[in-house]
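Next come the chains, spelled out residue by residue.
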Amino acid sequence: MIICNSCGGTYEGLQKDMRYAHVCPDKIRDKNGAIVDTPNPRNENVEGSIIVDGDKITNTLVMKSEGKGAKYVNDGTPYDLLSTITAK
């Protein structure tokens, strides 16, 4: 389980053979319950490509917005989405 440091949402990054790309909502509730704009929202959709040419792999993938980052709920280790994407 992963928690987004921007909006507080929790999600599973990999589900079977499908990767979930988290995108923060536009609005969240703050600690007092007021509805506010999400500060520094995260968008895990990726742009770019992975090109395999023989033994050479060129990776130009970037996340649309890192936001405040994300971490694993169980131990607080930072979650690095791009390290989970590989060429097949």
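For the structure itself, consult the block above.
Fair warning: this is a prediction, and the values are worked out from it, not measured in the lab.

Enquirer: Is there a simple way to explain the nonpolar core in this structure?
Expert: Proteins that are soluble and globular tend to have nonpolar side chains buried together. Ranked by size, the top nonpolar core spans ten residues in total: Ile2, Cys4, Cys7, Tyr11, Cys24, Ile28, Met63, Ala70, Tyr79 and Leu81. Not counting the four nearest positions on each side in its chain, Cys7 is found in contact with His22, Cys24, Pro25, Ile28 and Thr38.

Enquirer: Explanation requested: the side chain of Asn43 in the structure shown.
Expert: Topologically, Asn43 is positioned in strand S7 (residues 43-47). Looking at Asn43, its side chain comes within polar contact range of the side chain of Asn45, at 2.9 Å.

Enquirer: Please clarify how the packing of aromatic side chains should be interpreted in this entry.
Expert: Two numbers describe a pair of aromatic rings. These are the distance of the centres and the angle of the planes. Counted by the stated rule, this structure contains two aromatic pairs. Judged by centre distance (5.3 Å) and plane angle (55°), the ring pair of Tyr11 and Tyr20 falls under tilted. On the numbers, 5.5 Å between centres and 90° between planes, the contact of Tyr72 with Tyr79 is edge-to-face. Owing to a relative accessible area of 6%, Tyr79 belongs among the buried residues under this scheme.

Enquirer: Can you walk me through the sheet that holds strand S11 (residues 70-72) in this structure?
Expert: What links the strands of a sheet is backbone hydrogen bonding, and the strands pair in either a parallel or an antiparallel sense. Judged by pairing direction, the sheet is antiparallel, and its three strands sit side by side in the order S2-S1-S11 without closing on themselves. Looking at the sheet topology across the chains shown, the edges are occupied by strand S2 (10-11) and S11. In this structure, strand S1 (residues 2-4) lies alongside S11, joined through three bridges in antiparallel fashion. Following the sheet pairing, Cys4 is matched in S11 by Ala70.

What counts and how
- Residues numbered from 1 in each chain as written.
- Predicted model: local features only at pLDDT ≥ 70, side-chain atom pairs only at ≥ 80, totals over all residues.
- Heavy atoms only, no water.
- Core = buried A, V, L, I, M, F, W, Y, C linked by side-chain atoms within 4.5 Å.
- Buried < 20%, exposed > 50% of the residue type's maximum accessible area, 1.4 Å probe, protein only.
- Contact = heavy atoms within 4.5 Å.
- Helix = DSSP H or I, 4+ residues; strand = E, 2+ residues; numbered from the N terminus.
- Polar contact = N/O pair within 3.5 Å; in protein donor to acceptor, adjacent residues only side chain to side chain.
- Phe/Tyr/Trp six-rings, centres within 6.5 Å; stacked < 30°, edge-to-face > 60°.
- Pairing = 2+ DSSP bridges.

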